[in-house]
Every structure is written in structure tokens, then in C-alpha cells.
Amino acid sequence: MGFPISRLRRLRKNEKIRELVSDVHLDKSDLVYPVFVKEDLINEGKIASIPGQSYSPLSGVGRIAEKCETLGVHGLLLFGIPREKDVLGRKAYSDGGIVQKAIRLVKKKSDLVVFTDVCLCQYTTHGHCGVLTKDGVNNDRTLKLLAKIALSHARAGADFVAPSAMMDGQVKAIRDALDEEGFDDTGIMSYSKFASSFYGPFRDAVDSAPKRVKGLPYITDRSTYQMDFRSLSQAMREISLDIDEGADIVLIKPALPYLDVIKEARRRFNVPIAAYQVSGEYTMLKLAVERGLLDEKRSFLESLTSIKRSGASFIVTYAALDVARWLSAG
Ligand code: PBG
């Protein structure tokens, strides 16, 4: 039935009505906060490339966990920034590594759900997410290292390890390693990750952009392992394989330029689909806010609600603490 019998403005008459009839509600429990723990840092230090975010020393991690609990944010995604890098990223799987220590601390001080990024790029001198050889990034040699990293995180108490290296077979390699050591309760959140320019501020922050190393080929980007953004079908195949290999949750990133991918994954698969509002997406909004061009609260709530509307079960975002505060204030 058309106008004048149908008048959609009846549903928009006031905020209470609009809220009652809305399809999606963003909630504090939808948010996961990424945390950068930096080895050898004494005091918190601002991250130049990601506005409003800071590196945390190990000693500051407890306070961040407490803040999340107070605000009603349920989960953290932990990234470690090691003091030393080497060609094989050995510090990534050391039981005494910075992220392993941070996991233990968060689990001791809080009931938060701890997710950990399982990758090599912050830990390798060449900045790639795997073992770099003269023939390129070697898939199967990388799997062994990813399994070691995941195990070290599980031993420290991680609830979900999140492999982000985009190697074929990484979920299976990790699931097998975890089960072999009795960590059948540790989950896997596998990244479905596009080769994207929106990771720029993050790579600057953790010094993980591909670099030139003597004796190794210089490969300037990650397009031989991260997904091509022109292909939805490949993304669906990647997700389907990850689920078959044992992924408990699938994390799609970036989020806002990829809502169609989130929506299609939600429609096709029966696992929780999470989304990562990555550093570039977050920083674009923050800079526009700084210039006085966007309203911070409204633009973030709109972007995150859209990500949820597309089908995301939860969202990893640098804005988690601010959003939780805004949502509490009503
Ligand atoms: C590591 C990793 C990256 C991000 C999360 N894990 C960077 C990359 O793939 O280069 C990006 C997160 C962000 O931009 O906020 N592989």
C-alpha cells in the first residue's frame, strides 16, 4: 500500500519509537579492544599513527583490563611489540615473550576474554607474516611457527588464538598442535583478511611493514598471501576452508569497505562472524573529527552499527572504550 495510507514518518516520530522499531542495537558487549603491549616500555606512550591510542608497558596491562571490565567491554585482542626482531621471528613463540606475559597478567587480573594475534610480522626483520626465502614467503615452513606461537599463547591462558598470517592450512596446523598438547578448550578465531591499504597506521605503529633485508628478496606487499579485494568468491572459499579446518569464529577485516563480505559470510556460514574496524578506518574518522568535519560520537556509532547490521556478531575496534562510555551515558 502506498502513500497516503502508508506514512513511514509515523515510525520516526520520536526517539523512543525509533528505538523500539530499530533492527539493530549496538551494545557494549559487542566490542573487543585491541591492545599493543610493548617490551621494555616504562610508561605509556602515544601511538603517533593511531590517534588517541597508546602503547602499554607490561605493567599497564592490568589497568587496561580493569578499565574494560568497569566499562562493560568483554574482550581484548593482544598484540606484542618485541624489543628484538630476527629473520624467523623467534620472539613470537617464546614463553617469556611480551605478549605471553601480558596474557598471563590479564587472565590473573580479570575475567576478560583474551584473543591473541598469531602472526610473525612484528617479529621478523623483513616484516613478512611468514618465513621468507629466496622463493618468497614459504607457506608450510610458516605453519610450524604459527603452531608454536599459538601454543605459547594457549599455555599463557589465551581464550582464542587469532591467526592472521593468511597461510594455507594455518587453522588446521594450529588446531592439531593445540589438541596434541591438551588445549582442546582453546578456540581459534581465524582472520579472513584482505590485502588492504587500511592497515597503514597499524604497520607504522608496530613497525611491521615489509622491509629490505640483505640476502632476501624484497617483496613490498602481502598480496601473495592476503586476499584480493576484488574477489568475494575467494573470500567465501577461504572462510569455508577455515571452518572445515576448525575455526570457531571468523574475523573479517577491514570492516566498513567490506560489509558485503560480512553479510554474505553471515548468510552462508553457521559460525560467529566478527569484524575488525582496522587502524585506517578508525584513523580516517578520528582525523575528520579533529578537523571539525565529523561529530565523533555520531560517526563512530553509525559506522559500528552499520558493521553490526551487516551481520557481525562482535567488532574489534580502537574506539571500544569510548563507545562503551558513550553507550553507558545513554
Ligand atoms: C598482522 C596484523 C595486521 C593487522 C592486524 N594483524 C597488519 C597486516 O596485515 O599488515 C592490522 C590491524 C589494523 O590495521 O588495525 N598480520
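Residues numbered from 1 in each chain as written. Predicted model: local features only at pLDDT ≥ 70, side-chain atom pairs only at ≥ 80, totals over all residues. Heavy atoms only, no water.

Peer 1: Looking at this model, I keep getting lost on helix α4 (residues 139–156). Mind explaining?
Peer 2: For α4, which comprises 18 residues, the first-to-last C-alpha distance of 26 Å matches the rise-based estimate of 26 Å (1.5 Å per residue) to within 8%. Within the span of α4, buried status applies to T142, L143, L145, L146, A147, I149, A150, L151, S152, H153, A154 and A156. For α4, the elements touching its buried residues are α3 (98–109), β5 (113–118), β6 (131–133), β7 (136–138), β8 (160–163) and α5 (170–180). The N-capping residue of α4, defined by a side-chain oxygen 3.2 Å from the backbone nitrogen of D140, is N138. G157 sits one or two residues past α4 and shows a positive phi near 115 degrees. (Helix = DSSP H or I, 4+ residues; strand = E, 2+ residues; numbered from the N terminus. Expected span 1.5 Å × (residues − 1). Buried < 20%, exposed > 50% of the residue type's maximum accessible area, 1.4 Å probe, protein only. Contact = heavy atoms within 4.5 Å. Polar contact = N/O pair within 3.5 Å; in protein donor to acceptor, adjacent residues only side chain to side chain.)

Peer 1: I'm lost on the pattern of salt bridges in this one. Help?
Peer 2: Pairing of side chains with opposite charge becomes possible as their charged atoms draw close. Here the structure, examined in full by the defined rule, presents 20 salt bridges. With a shortest N-O distance of 3.3 Å, D207 and K211 are connected by a salt bridge. A residue is classified by how much of its surface remains accessible, and D207, at 40% relative accessible area, is partly exposed. By relative accessible area, K211 is classed as partly exposed at 24%. Through salt bridges with shared partners, one network takes in D40, R83, E84 and K91. (Salt bridge = Lys/Arg side-chain N within 4 Å of Asp/Glu carboxyl O.)

Peer 1: Honestly, the site of the ligand in this entry has me stumped. Any pointers?
Peer 2: Surveying the vicinity of the ligand reveals 18 residues, the closest of which are K193, R203, K253, S279 and Y318. S164 places a polar side-chain atom, nitrogen or oxygen, 3.2 Å from a nitrogen atom of the ligand. Measuring from an oxygen atom of the ligand, one finds a side-chain N or O atom of Q226 at 2.9 Å. Protein chains bury 100% of the 400 Å² of accessible surface belonging to the ligand in isolation. For the shell around the ligand, the residue count by class is 10 nonpolar, 3 polar and 5 charged. (Near = heavy atom within 4 Å. Areas by Shrake-Rupley, 256 points an atom, 1.4 Å probe, with all protein chains shown as cover. Nonpolar A, V, L, I, M, F, W, Y, C, P; charged D, E, K, R; others polar.)

Peer 1: How should the nonpolar core be read in this particular structure?
Peer 2: Generally speaking, soluble globular proteins have nonpolar side chains that are buried together. Judged by nonpolar contacts, the single largest core of 107 residues is most densely connected at Y33, F36, L78 and Y276. Looking at this core element by element, the count peaks at 9 residues for α4. (Core = buried A, V, L, I, M, F, W, Y, C linked by side-chain atoms within 4.5 Å.)

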